[in-house]
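The lines below spell out each chain.
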Amino acid sequence: MSKTLFDKVWDSHVVRKIEDGPDVFFIDRHFIHEVTSPVAFLGLKSRGVSVLYPERTFATADHNTPTINQHLPVEDALSANQLKALETNATEYGISHWGLGHQKNGIVHVVGPENGITLPGATIVCGDSHTSTHGAFGAIAFGIGTSEVEMVLSTQCIMQPKPKKMRINVNGKLSKGVTPKDVALYIISKLTTSGGTGYFVEYAGNVFEEMTMEGRMTVCNLSIEMGARGGMIAPDQTTFDFLEGRLYAPKGEAWTKAVEYWKTLKTDADATFDAELNFNAEDIEPMITYGTNPGMGIGISKHIPSANEVEGGEETYKKSLAYMGFHEDDVMIGKPIDYVFLGSCTNGRIEDFRAFASIVKGRKKADNVTAWLVPGSHIVEAQIKEEGILDILTEAGFVLRQPGCSACLAMNDDKVPAGKYAVSTSNRNFEGRQGPGSRTLLASPIMAAAAAVTGKLTDPRDLL
Amino acid sequence: MAYDKFNILTSSAVPLPIENVDTDQIIPARFLKATKREGFGDNLFRDWRYNGDGTPKADFVLNNPTYSGKILVGGKNFGSGSSREHAAWAVYDYGFRAVVSSFFADIFKGNCLNIGVLPVQVSPEFSEKIFAAIDADPNTELEINLPEQTITLKTTGEKESFDINGYKKNNMLNGFDDIDYLQSVKEEIVSFADKLPY
């Protein structure tokens with residue numbers, strides 16, 4: 001029977017099917033961080049059970065970590081306590097732990113791929129919705145709740161009904177200045193934040209085939225923002241080239257055998273999907289969000305739509321614009337901004353820093369802008385230095401911070417003050433996401449860079 | 001860790017007719033720093049419920065004594081965003097045992113089922129009727145009957161059925177959880193794992 005990429009990976013991990021219920025679904029790789037794991041470990045203790053396969057779980061600290069002075073004790077007592085709990089639990093159960101200060105430390109969805117823990121055909125979960133990132137490698141990867149973290153720790157399985165399948169094809173040639181982030185924000189603006197709910201997405205078409213792994217990760221990362229549990233892209237030579245030689249990737253004969261298997265991981269020609277959508281690359285321009293969910297995005301040259309042009313209730317829409325301090329029909333270009341955040345599991349990789357640097361090179365940070373440039377990991381940080389990007393950033397008046405989730409969700413001190421506007425390369429523009437009262441405009445690294453040097457929303461194509 | 005059994009719940013309800021209520025509103029990230037599952041109800045809808053100085057916002061429904069009950073009725077696409085189970089814990093800890101909406105985000109729905117809060121998905125029309133009925137009379141009661149999979153507006157007797165898979169329904173009725181089940185098939189899991197490539 002013809003199968004999709006998703007079917008192939010899913011079906012090979014079903015331990016048993018329950019009639020009128022979920023599948024018992026086996027998890028190859030499990031990531032944990034300090035926020036969503038402590039209660040799962042408490043659960044293990046209260047049941048008196050242990051971790052079944054400690055070697056399949058990987059711990060890294062990221063959500064709470066400060067992005068300056070990481071060599072000093074963490075000042076916030078609650079954050080310090082969570083970081084300590086992660087370390088204690090990992091040590092007690094024999095789980096690999098890349099805590100604060102460890103040279104492999106970084107955002108879970110950055111360090112997994114860069115160390116080859118993420119592999120094609122694998123099933124990967126983490127108590128974090130942006131686990132969808134790892135789908136870029138042809139893995140089935142999705143976020144889970146803490147009860148499920150406990151399930152994986154104790155039995156390496158979760159109970160999950162098989163989602164429906166959607167394929168999103170984007171073909172054609174992307175215009176200059178249109179990045180993977182723009183492709184994703186464009187798709188979400190078309191589907192809304194609930195359009196993908198109940199589905200697992202496969203991204204196909206030449207636009208994704210031609211993307212780098214970093215770009216594919218950005219796209220898959222944002223799958224959850226259209227409501228989809230995850231998204232994936234068939235592995236190809238780009239995938240194999242990225243993985244070869246990485247710490248946990250198979251080596252020698254095992255590598256050859258693995259690649260042979262990975263090459264079979266693609267959707268059969270006559271396999272079918274529950275839904276299929278097609279978009280043209282030429283229709284996409286650099287995107288910016290104007291509201292309080294990632295579906296509220298438009299091309300930078302566009303005006304904010306009026307309530308009757310958008311799906312959903314007028315009351316909710318107007319509440320959202322009021323929160324942002326925007327109005328229907330406003331022009332986006334030229335709006336003043338206060339903060340710029342480059343980083344997160346969406347856009348905190350080396351390619352994102354290269355893109356940002358390409359715009360700010362030879363220019364200066366605008367005086368009215370506070371900029372937080374936060375690499376996704378120490379490996380990314382080191383690469384920024386090695387490639388001379390740090391020099392460009394410093395010359396332009398920017399400071400590089402230390403790795404972590406940072407202002408994406410503002411659990412640490414990197415909080416955007418109430419009422420201030422932040423152009424952010426992260427994934428969510430929900431009310432208060434970057435600090436109570438903060439106003440977030442989601443954009444690509446080059447859009448963020450253009451705003452950082454002009455102090456206002458600027459079409460990045462004007463600065464290319 | 002078994003949770004409360006759910007059978008028939010009859011209660012007035014708290015209306016929140018806003019669409020796309022995300023988990024950052026249900027429980028903002030800065031309140032996720034606990035290492036125990038306690039007290040999350042205090043920060044349920046924190047930034048909609050309280051001003052920056054901690055004083056209650058009078059116009060938010062949870063601060064309005066007119067509305068109370070064990071059922072929360074939300075707008076379309078309730079629980080979107082983050083996978084934080086803390087959102088479901090906050091809903092539970094505040095005292096809600098069921099959430100009604102015309103559409104739920106996936107992970108939030110699953111998290112609710114895993115901790116014993118029943119997500120009840122109704123048609124958009126029925127959702128409108130519920131909001132209208134509560135608007136007309138805040139004491140309007142809803143009856144959620146899990147064995148029969150129905151939700152009834154007690155004032156008018158209007159009723160709609162809802163979906164839940166048989167396995168989860170049995171769990172909710174008996175207070176069983178998935179970990180109990182998975183523990184019972186552990187040997188099968190281990191022999192399965194032995195055959196995997198990685």
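Quick caveat, the model's predicted, so the values are computed rather than measured.

A.B. asks: Help me understand the overall build of chain B in this model?
C.D. replies: A count of helical and extended segments in chain B gives 8 helices and 7 strands. At 18 Å, chain B has a C-alpha radius of gyration in line with the 16 Å of a compact globule built from 198 residues. Referenced to the eigenvectors of the C-alpha coordinate spread, the extents of chain B come out at roughly 60 × 45 × 25 Å. Here chain B holds 198 residues, and the buried ones make up 45% of them. Long-range pairs, those at least 24 residues apart, make up 67% of the contacts in chain B with a sequence separation of at least 6.

A.B. asks: Mind showing me how you'd approach the domain arrangement of chain A here?
C.D. replies: A common way to express how large an interface is: the accessible area buried when the components associate. Residue and element names in this part refer to chain A. Domain parsing of chain A yields domain 1 (5-275) and domain 2 (287-463). Between the C-alpha centres of domain 1 and domain 2 there is a distance of 24 Å. Each partner contributes to the interface: domain 1 provides 38 residues, whereas domain 2 provides 38 residues. When contributions to the side of domain 1 that touches domain 2 are tallied by element, the ones reaching two or more residues are helix H4 (108-114), helix H6 (180-191) and helix H8 (213-221). By residue number, the principal contributor to the side of domain 1 that touches domain 2 is H6, which donates 6 residues. Class assignment for the residues of the side of domain 1 that touches domain 2 results in 10 nonpolar, 20 polar and 8 charged.

A.B. asks: Where do I start with unusual backbone geometry in this structure?
C.D. replies: What you tend to see is this: most non-glycine residues have negative phi, and most peptide bonds are trans. All names here are of chain B. A positive phi angle is found at Phe 45, which is not glycine, with a value near 50°. Within the secondary structure, Phe 45 sits in the loop between helix H1 (23-26) and helix H2 (46-49). Residue Phe 45 is classed as buried on the basis of its C-beta count, with 22 C-beta atoms lying within 10 Å. A positive phi angle, near 55°, is found at Gln 149, a position not held by glycine. Topologically, Gln 149 is positioned in the loop between strand S5 (141-145) and strand S6 (150-153). Classification of Gln 149 by C-beta neighbours within 10 Å gives partly exposed; the count is 14.

A.B. asks: Would you explain the confidence of the model for chain B in this entry?
C.D. replies: Caution applies to low-pLDDT regions: their predicted coordinates should not be interpreted in detail. Residues at a pLDDT of 70 or more form 99% of chain B, whose mean pLDDT is 96. Interface scoring of the predicted complex returns ipTM 0.96; its pTM is 0.97.

A.B. asks: What is the right way to look at the sheet that holds S5(B) in this model?
C.D. replies: Think of a sheet as strands paired side by side through backbone hydrogen bonds, with each pair either parallel or antiparallel. Residue and element names in this part refer to chain B. Pairing is mixed across the open sheet formed by 7 strands, whose spatial order is S4-S3-S2-S1-S5-S6-S7. Looking at strand neighbours, the two that pair on one side only are strand S4 (118-121) and strand S7 (159-161), the edges of this open sheet. Across the sheet, the mean angle from the axis of one strand to that of its neighbour is 30°, orientation sign disregarded. The pairing of strand S1 (residues 8-16) with strand S2 (residues 71-74) spans 4 bridges and is parallel. Looking across to S2, one finds that Pro 15 is bridged to Val 73.

A.B. asks: Quick question: what am I supposed to make of the nonpolar core here?
C.D. replies: One broad rule of soluble globular proteins: the nonpolar side chains tend to lie buried together. Judged by nonpolar contacts, the single largest core of 192 residues is most densely connected at Val340(A), Phe356(A), Val360(A), Ala448(A), Val91(B) and Val117(B). It is helix H16 (residues 445-454) of chain A that contributes the most residues to this core, 8 residues altogether. Not counting residues up to four positions away in its chain, the partners in contact with Val360(A) are Ile392(A), Leu393(A), Ala396(A), Phe398(A), Ala449(A), Ala452(A) and Val453(A).

A.B. asks: Hey, could you run me through the UniProt feature "domain: Aconitase A/isopropylmalate dehydratase small subunit swivel" (unreviewed entry) in chain B in this one?
C.D. replies: Mapped onto this numbering, the UniProt entry annotates "domain: Aconitase A/isopropylmalate dehydratase small subunit swivel" (unreviewed entry) at residues 6-124 of chain B. Across residues 6-124 of chain B one finds 24% helix and 18% strand; the C-alpha atoms that close the span lie 25 Å apart.

A.B. asks: Any chance you could explain the environment of Ile446(A) here in plain terms?
C.D. replies: Residues and elements named next belong to chain A. Take Ile 446: it is sitting in helix H16. Judged by the 26 C-beta atoms lying within 10 Å of it, Ile 446 is buried. Each C-alpha atom of the pair Ile 446 and Tyr 203 lies 23 Å from the other, and the pair is 243 residues apart in sequence. With residues near it in sequence (within four places) discarded, Ile 446 still touches Gly 177, Thr 179, Ala 355, Phe 356, Ile 359 and Pro 460.

A.B. asks: What is the right way to look at the interface of chain B and chain A in this model?
C.D. replies: Counting residues at the interface gives 51 residues for chain B, matched by 63 residues for chain A. Only H1, helix H4 (106-115), helix H6 (166-174), helix H7 (178-184) and helix H8 (186-193) of chain B provide two or more residues apiece to the side of chain B that touches chain A. Broken down by element, the side of chain B that touches chain A gets its largest block of residues, 6 residues, from H4(B). Along the lines of polarity and charge, the residues of the side of chain B that touches chain A split into 20 nonpolar, 16 polar and 15 charged.

A.B. asks: Just to check I follow, could you spell out the UniProt feature "binding site: [4Fe-4S] cluster" (unreviewed entry) in chain A for this structure?
C.D. replies: Residue and element names in this part refer to chain A. Under the present numbering, the feature "binding site: [4Fe-4S] cluster" (unreviewed entry) in UniProt falls on Cys 345, Cys 405 and Cys 408. Maximum C-alpha separation among the annotated residues is 8.8 Å over a sequence range of 64 residues, consistent with a single clustered spot. As for its placement among the helices and strands, Cys 345 is situated in helix H12 (residues 344-347). Those residues within four positions of Cys 345 in sequence are excluded, and the remaining contacts are Ile 107, His 109, Val 110, His 130, Thr 133, Asn 221 and Gly 376. Residue position: Cys 405 is located in the loop between helix H15 (389-395) and strand S17 (421-424). Looking at Cys 405, the number of C-beta atoms within 10 Å reads 33, which means it is buried. Excluding residues within four positions of it along the chain, Cys 405 makes contact with Asp 62, His 63, Ile 107, Ser 344 and Met 411.

A.B. asks: Please clarify how helix H2 (residues 38-47) of chain A should be interpreted in this entry.
C.D. replies: Helical periodicity: at 3.6 residues per turn, an α-helix aligns residues three or four positions apart in one direction. Residues and elements named next belong to chain A. Listed as buried for H2 are Pro 38, Val 39, Ala 40, Phe 41 and Gly 43. Where H2 is buried, its residues touch helix H3 (77-93) and helix H5 (146-155). Following H2 by one or two positions, Gly 48 has its phi on the positive side, about 70°.

A.B. asks: Looking at this structure, I do not really get the pairing of strand S9 (residues 164-171) of chain A. What am I missing?
C.D. replies: Along any regular strand, the residues point their side chains to alternate faces of the sheet. Residues and elements named next belong to chain A. Here S9 pairs with strand S10 (residues 199-204) via 6 bridges, running parallel. Each residue of the ladder has a partner; that of Ile 168, found in S10, is Tyr 203. Between the parallel elements S9 and S10, the chain passes through H6 in a crossover that is right-handed. Where S9 lies against strand S12 (residues 275-280), 6 bridges are found, and the strand directions are parallel. Bridge pairing in S12 places Arg 167 opposite Glu 276.

A.B. asks: Can you help me understand the pairing of strand S7 (residues 140-143) of chain A in this one?
C.D. replies: Residue and element names in this part refer to chain A. Neither face of S7 is open: one carries Ile 140 and Phe 142, the other Ala 141 and Gly 143, and all of them are buried. Taken together, the 4 bridges between strand S6 (residues 123-126) and S7 define a ladder with parallel strand orientation. Considered in S7, the bridge of Thr 123 is made with Ile 140.

Quick notes on the rules
Residues take numbers from 1 onward in each chain, read along the sequence in its written order. For naming, the first written chain is A and the first written ligand is 1, with later ones following in the order written. Residue-level local features of this predicted model are given only where pLDDT is at least 70; pairs of side-chain atoms are given and counted only at 80 or more, and the full residue set underlies all totals for whole chains, interfaces and linings. Numbering of helices and strands starts at the N terminus; helices are DSSP runs of H or I of at least 4 residues and strands are runs of E of at least 2. Atoms counted for the radius of gyration: C-alpha only. Globule rule: 2.2 Å times residue count to the power 0.38. Any residue surrounded by 20 or more other C-beta atoms within 10 Å of its C-beta is treated as buried, while 12 or fewer makes it exposed and the intermediate range makes it partly exposed; C-beta atoms here are placed from the backbone. Here the contact rule is simple: place C-beta atoms from the backbone, and any two residues whose C-beta atoms are within 7 Å are in contact. Domain borders in the structure are assigned automatically or taken from a domain database. Three residue categories are used. Nonpolar comprises Ala, Val, Leu, Ile, Met, Phe, Trp, Tyr, Cys and Pro, charged comprises Asp, Glu, Lys and Arg, and polar comprises the others, including Gly. The pLDDT value expresses, per residue, how confident the predictor is, ranging between 0 and 100. Strands pair, by our definition, only if DSSP identifies at least two bridges between them. Only the contacting stretch of a helix is used when fitting its axis, a line to C-alpha atoms as for every element, and angles between N-to-C directions run 0 to 180 degrees. Any nonpolar core is a set of buried residues, restricted to Ala, Val, Leu, Ile, Met, Phe, Trp, Tyr and Cys, that join up through C-beta atoms within 7 Å. UniProt positions are given in the numbering used here, feature names are shortened, and annotations may be inferred rather than shown by experiment. Assignment of crossover handedness uses the view with strands pointing away from the viewer, where a clockwise path from the first strand over the helix to the second indicates a right-handed crossover.

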